[in-house]
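# Secondary and tertiary structure notes
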Amino acid sequence: MKTRDLVHVALFAAILAALGLMPPLMLPFIPVPITAQTLGVMLAGSTLGARKAALAVLLFQVLVAAGLPLLAGGNGGLAVFPGPTGGFLVGFLPGAFLVGWLTERAWHRLSVPLAFAINMLGGVGAIYAVGIPWLAASAKLSLAQAALGSLAFVPGDCVKAAVAASVAVTLKRAWPLIQAPRPTPPTSPPPSST
């Protein structure tokens, strides 16, 4: 990796940590708070692409596992991973990668509505796909109860996806960090032997 790439990875890990400074909003019916950190996941994928976004989230997760209080509410350490919020935290990694991968594929035609759909699919769908079953298992809820309780996060996640989409499209025009994948050149058939 180039030095610039390492700086981008560290910067977005720091953004994820900074978003943890916003106090979490606790809900009475589910043991998972509403936080701003999923916005950081969406921003990383939307602006860095799959590989660098995944590395930024992985760096953030390693720092959390090492005990730094970087999660909303000042939490950190290995103990947060098996808890009810652990699945959402683990889901940050596939979420950032999927947002980045889809953004790279759509780079030439990226618009705010398309970027919004990508952020909802990766930044919400992928995180929920890991977080909801994890929540159900750790909090001893049925999958339906965990999914129903998680619906409270959807309005805020829609706002976060809209913000990340707007930022991605603005950066695409002003200061693009993502390089669209290059088309693979067509392979020529082997010469025929006569």
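The rules behind each value
- Residues numbered from 1 in each chain as written.
- Predicted model: local features only at pLDDT ≥ 70, side-chain atom pairs only at ≥ 80, totals over all residues.
- Heavy atoms only, no water.
- Helix = DSSP H or I, 4+ residues; strand = E, 2+ residues; numbered from the N terminus.
- Contact = heavy atoms within 4.5 Å.
- Areas by Shrake-Rupley, 256 points an atom, 1.4 Å probe, with all protein chains shown as cover.
- Expected span 1.5 Å × (residues − 1).
- Buried < 20%, exposed > 50% of the residue type's maximum accessible area, 1.4 Å probe, protein only.
- Core = buried A, V, L, I, M, F, W, Y, C linked by side-chain atoms within 4.5 Å.
- Bend = angle between axes of the 7 residues up to and from the residue.
- 1 Å grid on protein atoms, 1.4 Å probe; cavity = no way out; pocket = protein on both sides within 12 Å on 5 of 7 lines; lining within 4 Å.
- Points joined across faces, edges and corners; volume = space filled by probe spheres on them.
- Nonpolar A, V, L, I, M, F, W, Y, C, P; charged D, E, K, R; others polar.

A few words now on the overall build of the protein chain. Each helix and strand in the protein chain was counted, giving seven helices and two strands. Secondary structure of the protein chain in N-to-C order comes out as α-β-β-α-α-α-α-α-α. Contacts in the protein chain between residues far apart in sequence, at least 24 positions, make up 74% of those at least 6 positions apart. On the protein chain, roughly 10000 Å² of surface is accessible, and the fraction owed to carbon and sulfur atoms is 72%.

A few words now on helix α3 (residues 50–65). Relative to the 22 Å expected for 16 residues at 1.5 Å per residue, α3 spans 22 Å between its end C-alpha atoms, a close match to the ideal helical length. Among all positions of α3, only Ala50, Lys52, Ala53, Ala54, Ala56, Val57, Phe60, Gln61 and Val64 are buried. Each element contacted by the buried residues of α3 is listed here: α1 (3–19), α2 (37–48) and α4 (86–105). Two residues or fewer after α3 comes Gly67, characterised by a positive phi angle close to 110°.

In this structure, Phe60, Val64, Phe88, Leu89, Phe92 and Phe153 are the most contacted members of the largest nonpolar core, which totals 41 residues. Taken together, the elements giving at least two residues each to this core come down to α1, β2 (30–34), α2, α3, α4, α5 (112–139) and α7 (154–174). Counting residues per element, this core draws most heavily on α5, which supplies seven residues. Not counting chain neighbours up to four residues away, the residues in contact with Phe92 comprise Gln37, Thr38, Val41, Val57, Phe60, Gln61 and Ile127. Of all hydrophobic cores here, the second largest spans eleven residues; its members include Val99, Ala106, Trp107 and Ala168.

Further remarks concern the side chain of Lys52. For Lys52, the location among the structural elements is in helix α3. Note on Lys52: relative accessible area 9%, which makes it buried. If we skip the residues at most four places from it in the chain, Lys52 touches Met1, Asp5, His8, Val9 and Leu177.

The largest bend along α5 reaches roughly 35° and is located at Tyr128. Following α5 by one or two positions, Lys140 has its phi on the positive side, about 55°.

Under the counting rule described, the total for this entry stands at one cavity of 30 Å³ or more. The space that makes up the largest cavity amounts to roughly 30 Å³. As for the largest cavity, its lining consists of Ser46, Thr47, Trp107, Ala168, Leu171, Lys172, Trp175, Pro176 and Leu177. Those elements that place two or more of their residues in the lining of the largest cavity are α2 and α7. The greatest single-element share of the lining of the largest cavity, amounting to three residues, is contributed by α7. Looking at the lining of the largest cavity residue by residue, the class counts come to six nonpolar, two polar and one charged.

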